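Structure at a glance
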Amino acid sequence: MDEAEQPIPRRINFRKRFYHPFQRRTRVGSVPGKLRSSKNAVPTHVERIVFDQTTLQVDDSVETSSLSDVTTGTQWINVVGLADHKTIEAIGECFEIHPLLLEDIIHTHQRPKVDTIKGRVVVILRMTDQQIPLHLEQVSLVLSGNTLISFQERPGDSFEPVRKRIRQSLGRVRDQPADYLMYCLIDALLDAYFPLLEQYGQMLEKLEDEVTDSPGPQEQTQIRDVKRELAYLRKTAYGHRETLQRLIQESEGRFSEDTRLFLRDCLDHASHLLDVTESFREVVTDLRDLYFTSLSQRTNDVMRLLTLISTIFIPMSFVAGVYGMNFDSSRSRWNMPETRWEWGYPMALMLMIGMATGMLWVFYRRGWLRR
Amino acid sequence: MDEAEQPIPRRINFRKRFYHPFQRRTRVGSVPGKLRSSKNAVPTHVERIVFDQTTLQVDDSVETSSLSDVTTGTQWINVVGLADHKTIEAIGECFEIHPLLLEDIIHTHQRPKVDTIKGRVVVILRMTDQQIPLHLEQVSLVLSGNTLISFQERPGDSFEPVRKRIRQSLGRVRDQPADYLMYCLIDALLDAYFPLLEQYGQMLEKLEDEVTDSPGPQEQTQIRDVKRELAYLRKTAYGHRETLQRLIQESEGRFSEDTRLFLRDCLDHASHLLDVTESFREVVTDLRDLYFTSLSQRTNDVMRLLTLISTIFIPMSFVAGVYGMNFDSSRSRWNMPETRWEWGYPMALMLMIGMATGMLWVFYRRGWLRR
Amino acid sequence: MDEAEQPIPRRINFRKRFYHPFQRRTRVGSVPGKLRSSKNAVPTHVERIVFDQTTLQVDDSVETSSLSDVTTGTQWINVVGLADHKTIEAIGECFEIHPLLLEDIIHTHQRPKVDTIKGRVVVILRMTDQQIPLHLEQVSLVLSGNTLISFQERPGDSFEPVRKRIRQSLGRVRDQPADYLMYCLIDALLDAYFPLLEQYGQMLEKLEDEVTDSPGPQEQTQIRDVKRELAYLRKTAYGHRETLQRLIQESEGRFSEDTRLFLRDCLDHASHLLDVTESFREVVTDLRDLYFTSLSQRTNDVMRLLTLISTIFIPMSFVAGVYGMNFDSSRSRWNMPETRWEWGYPMALMLMIGMATGMLWVFYRRGWLRR
Amino acid sequence: MDEAEQPIPRRINFRKRFYHPFQRRTRVGSVPGKLRSSKNAVPTHVERIVFDQTTLQVDDSVETSSLSDVTTGTQWINVVGLADHKTIEAIGECFEIHPLLLEDIIHTHQRPKVDTIKGRVVVILRMTDQQIPLHLEQVSLVLSGNTLISFQERPGDSFEPVRKRIRQSLGRVRDQPADYLMYCLIDALLDAYFPLLEQYGQMLEKLEDEVTDSPGPQEQTQIRDVKRELAYLRKTAYGHRETLQRLIQESEGRFSEDTRLFLRDCLDHASHLLDVTESFREVVTDLRDLYFTSLSQRTNDVMRLLTLISTIFIPMSFVAGVYGMNFDSSRSRWNMPETRWEWGYPMALMLMIGMATGMLWVFYRRGWLRR
Amino acid sequence: MDEAEQPIPRRINFRKRFYHPFQRRTRVGSVPGKLRSSKNAVPTHVERIVFDQTTLQVDDSVETSSLSDVTTGTQWINVVGLADHKTIEAIGECFEIHPLLLEDIIHTHQRPKVDTIKGRVVVILRMTDQQIPLHLEQVSLVLSGNTLISFQERPGDSFEPVRKRIRQSLGRVRDQPADYLMYCLIDALLDAYFPLLEQYGQMLEKLEDEVTDSPGPQEQTQIRDVKRELAYLRKTAYGHRETLQRLIQESEGRFSEDTRLFLRDCLDHASHLLDVTESFREVVTDLRDLYFTSLSQRTNDVMRLLTLISTIFIPMSFVAGVYGMNFDSSRSRWNMPETRWEWGYPMALMLMIGMATGMLWVFYRRGWLRR
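The structure presented is a predicted model; accordingly, all values stated were derived computationally and were not measured.

**Focus on the environment of Val211 of chain E**
Residue and element names in this part refer to chain E.
- Inspection of the secondary structure puts Val211 in helix H7 (residues 193-213).
- Exposure remark for Val211: the relative accessible area of 0% places this residue in the buried category.
- Not counting chain neighbours up to four residues away, the residues in contact with Val211 comprise Glu219, Ile223, Leu287, Leu290, Tyr291 and Ser294.

Written as structure tokens, this is what we have:
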């Protein structure tokens, strides 16, 4: 029960976000570059991991005042929740992030993009929580020297595999500078989309069967909902691809050649995600067509039954009507003499059965009896 | 009552503007570069605000003759109403605006654009009054040295937040040159579109419910109207984005680097507006499809009832017809002996009920009784 | 009567030109560069206006032999009718126009284009006679030194306002070289499209009302016709925009900077025309959809009435049929005892009325009675 | 009869080529650059014309061994039929044509293209035989010094006008080098498409009338066939335009400036052909829509008649049924006293007529009787 | 039976791959650049062919340890099956292939692409097994000096013709360096698509006939399946064309000029494949339209029969009903005197036949009896 009920609020939620994209936006006419977060922002919380090849220091909760750039190793500052402006502004000042970039980070309706202002590379992407209906959270990654700062809207993210690799010193992440860490986070974020698409695949497969078997208004609503979510997903996937393309261009000379090779691999993943999303969108369009045809097919079936019954019984009823007429057969031998024949009634029944058989024959020949 | 009636003239108004886009255009074959305003232009009225970091001087109504460029601080001349050519020409001469630019400013059917002729940057945009149906007013911004001149068709604009910021010295507007003021006005103008789209979102949400529940010609008309308005809005949003892109390109070296950063932020807003408008346009297309399907669904429902009633009663009526025949049962024992049986009538009724039950069974099996 | 009949031949004419675009083309395999005009070309007639700031000389009909370039002032030679090759070849030789350009001028199925061969700028455009159905005449403008030569297919053109300005010395046309005159003619030609689009707007508005009220095959034909005309208009408008863009590019260094500014203004007009044409094309598509839906709506209405009548009367007829059976009630007390009851008939009528009321109730509940 | 039957095999032929585009291709995995012609290639035959301003030498059939480049004048070698590899390879060797180009020439499924390998310009185009259904033959033109070699699949071509001009020394073809001859052949080839499109125009015009009057499956098939042919034609026309554009680019410095001017004229023709083809394709789409609507219209008409007849007679039959009931009027004065009234029967008839008139009135008001 | 059953698992298989594109992907969050093959990968097996003009050495199964580059001649290492990482990593190390490239080679969901990292050119394409439903296997070709390494997912490939040409020393493959071998493999791989498309052509031809004759849900499913397969094929064909274009660009200076000419020929083939695939996709869209129309046509036919029968018999039944009324003709001479006429019954029958004939006449005139 709990399982069946949970999706409903999520879907309504998606619909609300869809039709009211600006509800939670800052007040119209606010001073540009001044921070004002959305009303349902989560309180801010700052985590920090500093590591190099040999050492590793994890702080689950740090004060803003204690933040500063590191001279050796790589620092990853993860900011969760965007409600507390003071903290975010302090981080912005500490790492010299331009106020406009901070504004973009806090206003969580940005399209995926990359921006480089005064040596600070900011990448804004969208992170999935791998559930349907779609909910995509904004994630901003800021690269400033050896420090990578990530901002996310809510606790819970796709970065756990990266944290594990850092903790367990798997792969090359511990040996590499902050730009490689940025790549790792982007890669992890994109990887999390694959199970989501897998879910959409399952859903569409099920929907296709349902539409073929018993198309109804519920299926129509579902098709419309999925169509919108995939449209949103497609826009995001497209944005991710574009962002990665620009990041690869802009990072020339700034990132190590190796990291850029890895980013190109990331770009392939992003393109692949886009491909699959577009295939799925085509599927949804096909499902809508299928829904239409199923409806027509049904009307056709209903019509066929009506026609079958009507055309068989209407002529028979006519015969019955004829012999129900009250012409006085005693007055004239031309007035319904059949009613007085000995075999009149069986003959009339035979006539009716003959007509019905004739009509059935016509139907059979036209192939309307088969299925 | 008043509330319900007001939208109607607005919509008719939109339709008129849509089908007669050139009604108010200057006479065909007029001398190029000569001003001739549209017949329903509003009388011209000139306001001026001169400010720098410390001083602020507001004139609600100034004479054209007293206008001149300022040497220190920033001057904002706001021209409301485009009926009075003399005044506009005088301003044009005073600030050396090319006659063709003045013509563009007065002929209020321009597409959004930016033009630089002889050092004067002119940006032409469209301003919303945040009401549905759509009415977009042309606004022209001319930058000439430290002076920014804005032209608008009618009193009432989206610039109040900027005026407030100047008066109350909020943000950086008082410290910055006229190009920053230009940015502020553009930003305020674009910001005013967000509540408008919010309204369209609400409207579409309501329309979707109506079309699902009871599709009728009224909904169809509404869909068509909204479709057109969104098409017009999309064209405008697209124009704004293009204009901002060109402005950022052309302003290189002319505007301060900081203002150009802010303009880039503006460009993001414009892109976002375009995105949402396009989502909404897709929604309208979906609504139209939904309308079609609802119609088909209804025909189907009507057909189903007809078929249900017909196929149940037609065979029963046939049986009744048979026993209504007048074969003379006294003449032969083959002529309708059932009419003389003791249980003939109940048997006939049973036969009819049996037939009806059989048909209902067929219907039930085919799933046509459900829903 | 005369008014109603005139449009018909015009529309048939448009259809003919549409389906037979090459009927009047030169014979296949003709020698390239050799002139051969279409069979329904009009006899050639040459006019000339020579003017400078102070003097003005108008010749309504000049001999080809007397033509030559002018040393001072501007010369406008207007060639009306393209039947007489000799004359046109003589003009071509006199002003050194390449034979291929002359061929383009005479073969009146060219797309709008600009061509510069050996210092002669040729602009080919299409001129409207402001009537529906569409008829667009080819106009070619050749600029050769201080002389502008215009070629048109038939008497009657959009250039009257320019002639008036020259005669009355309005605006700047008398002070400017021939390139400004070229701009004036292009501007006048484009201006003449605005009333045409205005007419299409009126027509579409009327058509929309008709399709909503009573869609029929006549409306369908009209939609198809208008669609084609707008497609042709769109192609022309697109061609005009492209031609002006290229003219502005190619005229760099050749035309005065001022004329080029004016041409850019012209380009804005051309873009605007294209915009409106495209809006109208979308309207036509919407009208077609509306036509489809109206048809479906009608089928639905017809079905609903049939179902209403059938489902009300079929059960009632069945009851009547039952009591029309001839079971012999004298034989058994089970055989239709109702027929012998005192209130049997009123009871049967009540039963029928009850059934009808029940069906009406079902209809009312499903909302099929409303509207 | 002969005329009506001939198109059928052609159309089947087109369908076969459409669905089996590779039937006649070389065996999979053949050695690249090795010639292997299609199975239904025609035996090879070589013609030669050598000419300059004064002399002209025509050989209807030449041996390959006698071929060589000419030092003065222009040589046109026309190769008809591609079955004989030896001959074609010998020509290839003689004029140093790269084996890959020879392969392209022989494999007659190439898209229009231009290729320049080692100084040999090869233009591959498609030639029409001006009959419907479409059959386009591949023509390859190779320019090698003063020699132009043309390859065609079958006897019969569009080049007759050029041959006539050479023989009769019309126009400039005799004075010009081989590149001008190439232009002449391309021009003649393109010119031959105009009558073909003229035929399609006529066909579509006829089809439009037929679909409006009596849409049937035959019309549907025809629409589908024409749609495919026009799609193929469009692709070819597009290829021709692209090929000419590239030829003009690549021929810079290689061809005389004059020939290039003529080629630009050719490009205009190709663009025009493309335009008309695309218009016709839109017509076909419209015809399909028209076919759909005609079908719906018909269903609607049928429904309307059914409804008219049913709703008029069903209530009348009900009245007849009521008075056909067997309530015993002798038992009670409430049992069908009407049957014993003196004017009972006329009254019943009046009632029926009244009901029918009422229904007709409803129909008339809803406009369902008109048309 | 066997033949009919085999396609089903293949089709289900295609559907599964379509809806679950990431099922077999590596675990989310894996270390980048580390190999982990899909679960149903085939065990790895390595073949080697070393040849030059005179010598030829074929090893059907070689150890990885014995692999090294060759100094003379060309070496082709063919790796079949991607399950064994150790082997593939060893090959990667031996020929200095970047780990990311190895990852691409093993993860068999790559789009066609070409990549050059540190002098190693990697081309990833998709190979067909020429059966329907579509199954495309990933093939990776790595060029490293004189060695070409090919990786394929499963035994069985399209390269047999190339092996034969090497063995039998046909064509130029033995004389040329490894880049020519790469071209040969690409060419063979593309050539294998032609028979596949030939099969699709046959299938569509058959499907078109079936949809015209007897459209049913089975045909609809088939259309949807083929549509998806062609969409996938189109994406692949598009990828191949793009890959070849980039390969030609990137190979400048790296490959011999001759090989690049052959690659351009390959590009033509790839374009041709894309063309045909797109034609077929259009056919599928047409088939869907045809299916819709056939359904409508059928509903129309059914309606027509119903209307025919109903409109003929309903009026006749009404007449019979009238004369079945029980008005007491003995009471009044106005009460159904016809029943007592001598010719009353034949007259009534005549009336009925007259009505039926009238209705048939109406039908005949409207053309509803024909077909």
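**Notes on the arrangement of the chains**
- Chain A makes no contact with chain C; the smallest distance between any of their C-alpha atoms is 9 Å.
- Contact between chain B and chain E is absent, and the minimum C-alpha spacing across the pair is 9 Å.

**Brief notes about the interface of chain C and chain D**
- Tallying the contact residues gives 66 residues for chain C and 72 residues for chain D.
- Buried surface at the junction of chain C and chain D, summed over both partners, amounts to about 6100 Å²; 61% is from carbon and sulfur atoms.
- Between chain C and chain D we count 8 salt bridges in total.
- For the salt bridge of Lys113 of chain C with Asp268 of chain D, the shortest nitrogen-to-oxygen distance reads 2.2 Å.
- The tally of links from chain C across to chain D stands at 19 residue pairs in polar contact (both at pLDDT 80 or more).
- Counting residues per element, the side of chain C that touches chain D draws most heavily on helix H9 (residues 257-322) of chain C, at 19 residues.

**Topic: the sheet that holds strand E4 (residues 113-117) of chain A**
Residues and elements named next belong to chain A.
- Spatial strand order, E2-E1-E3-E7-E6-E5-E4: 7 strands in an open sheet with mixed pairing. Two strands bound the open sheet, and with one partner strand each, they are strand E2 (56-59) and E4. Taking each pair of neighbouring strands and ignoring which way they run, the sheet shows an average axis angle of 15°.
- Where strand E6 (residues 136-144) and strand E7 (residues 147-152) come together, 6 bridges link them in antiparallel fashion. Each bridged residue has a counterpart across the sheet, and for Ser140 the counterpart in E7 is Phe151.

**Here's the deal with the interface of chain C and chain B**
- The interface of chain C with chain B comprises 72 residues on the first partner and 67 residues on the second.
- Sorting the residues of chain C by area buried against chain B places Phe318, Phe327 and Trp334 of chain C first, and these three jointly supply 10% of that buried surface.
- In this structure, Glu208 of chain C engages Arg224 of chain B in a salt bridge whose closest nitrogen and oxygen atoms are separated by 2.8 Å.
- Counting across the chain C and chain B interface gives 19 residue pairs in polar contact (both at pLDDT 80 or more).
- Only helix H5 (160-167), helix H6 (178-191), helix H7 (193-213), H9 and helix H10 (344-365) of chain C provide two or more residues apiece to the side of chain C that touches chain B.
- Here the element with the most residues in the side of chain C that touches chain B is H9 of chain C; it accounts for 33 residues.

**Description of the pattern of salt bridges**
- Under the counting rule described, the total for this entry stands at 101 salt bridges over all chains.
- Through salt bridges that share partners, Arg264 and Asp268 of chain A together with Asp104, Lys113 and Asp115 of chain E make up one connected network.

**So, the relation of the copies chain C and chain B**
- The two copies are related by a screw operation: chain C maps onto chain B through 72° of rotation and 0.1 Å of translation along the axis, at an RMSD of 0.1 Å. The operation mapping one copy onto its partner corresponds to a five-fold rotation axis. It is Gly324 of chain C whose C-alpha, among those of chain C, lies nearest the rotation axis, at 4.6 Å.
- Each copy contacts the other with its own distinct surface, as only 11% of the interface residues of chain C are interface residues in chain B too.

**Overview of the state of the cysteines**
All names here are of chain C.
- Taken as a whole and assessed by the stated rule, the structure comprises 0 disulfides over all chains.
- Considering cysteine sulfurs only, Cys184 is the nearest to Cys266, which forms no disulfide, with 9.0 Å between them.
- On the accessibility criterion, Cys266 (0% relative accessible area) is buried.

**A short note on the relation of the copies chain C and chain D**
- Mapping chain C onto chain D calls for a rotation angle of 72° and an axial translation of 0.1 Å; the resulting RMSD is 0.1 Å.
- By residue overlap, the copies meet through two different surfaces: only 12% of the interface positions of chain C are interface positions in chain D.

**Examining the pairing of strand E2 (residues 56-59) of chain D**
Residues and elements named next belong to chain D.
- As defined by bridge partners, strand E1 (residues 45-51) adjoins E2 across 4 bridges and the pair is classed as antiparallel. Each residue of the ladder has a partner; that of Phe51, found in E2, is Leu56.
- Here E1 hands over to E2 after 4 residues, the two strands then running antiparallel side by side.

**Here we look at the UniProt feature "transmembrane region" (unreviewed entry) in chain A**
Residues and elements named next belong to chain A.
- Following the UniProt record, one finds the feature "transmembrane region" (unreviewed entry) at residues 305-323 and 343-364.
- Counting secondary structure, residues 305-323 comes out at 95% helix and 0% strand; the distance between its end C-alpha atoms is 28 Å.
- Taken end to end, residues 343-364 is 95% helix and 0% strand, and its two terminal C-alpha atoms sit 31 Å from one another.

Conventions used here
- Residues numbered from 1 in each chain as written.
- Chains lettered and ligands numbered in written order.
- Predicted model: local features only at pLDDT ≥ 70, side-chain atom pairs only at ≥ 80, totals over all residues.
- Heavy atoms only, no water.
- Helix = DSSP H or I, 4+ residues; strand = E, 2+ residues; numbered from the N terminus.
- Buried < 20%, exposed > 50% of the residue type's maximum accessible area, 1.4 Å probe, protein only.
- Contact = heavy atoms within 4.5 Å.
- Buried area = accessible area lost by both parts, 1.4 Å probe.
- Salt bridge = Lys/Arg side-chain N within 4 Å of Asp/Glu carboxyl O.
- Polar contact = N/O pair within 3.5 Å; in protein donor to acceptor, adjacent residues only side chain to side chain.
- Pairing = 2+ DSSP bridges.
- Axes fitted to C-alpha atoms, helices over the stretch in contact; angles between N-to-C directions.
- Least-squares fit on C-alpha atoms with pLDDT ≥ 70 in both.
- Disulfide = S-S within 2.5 Å.
- UniProt positions renumbered as here; feature names shortened; annotations may be inferred.

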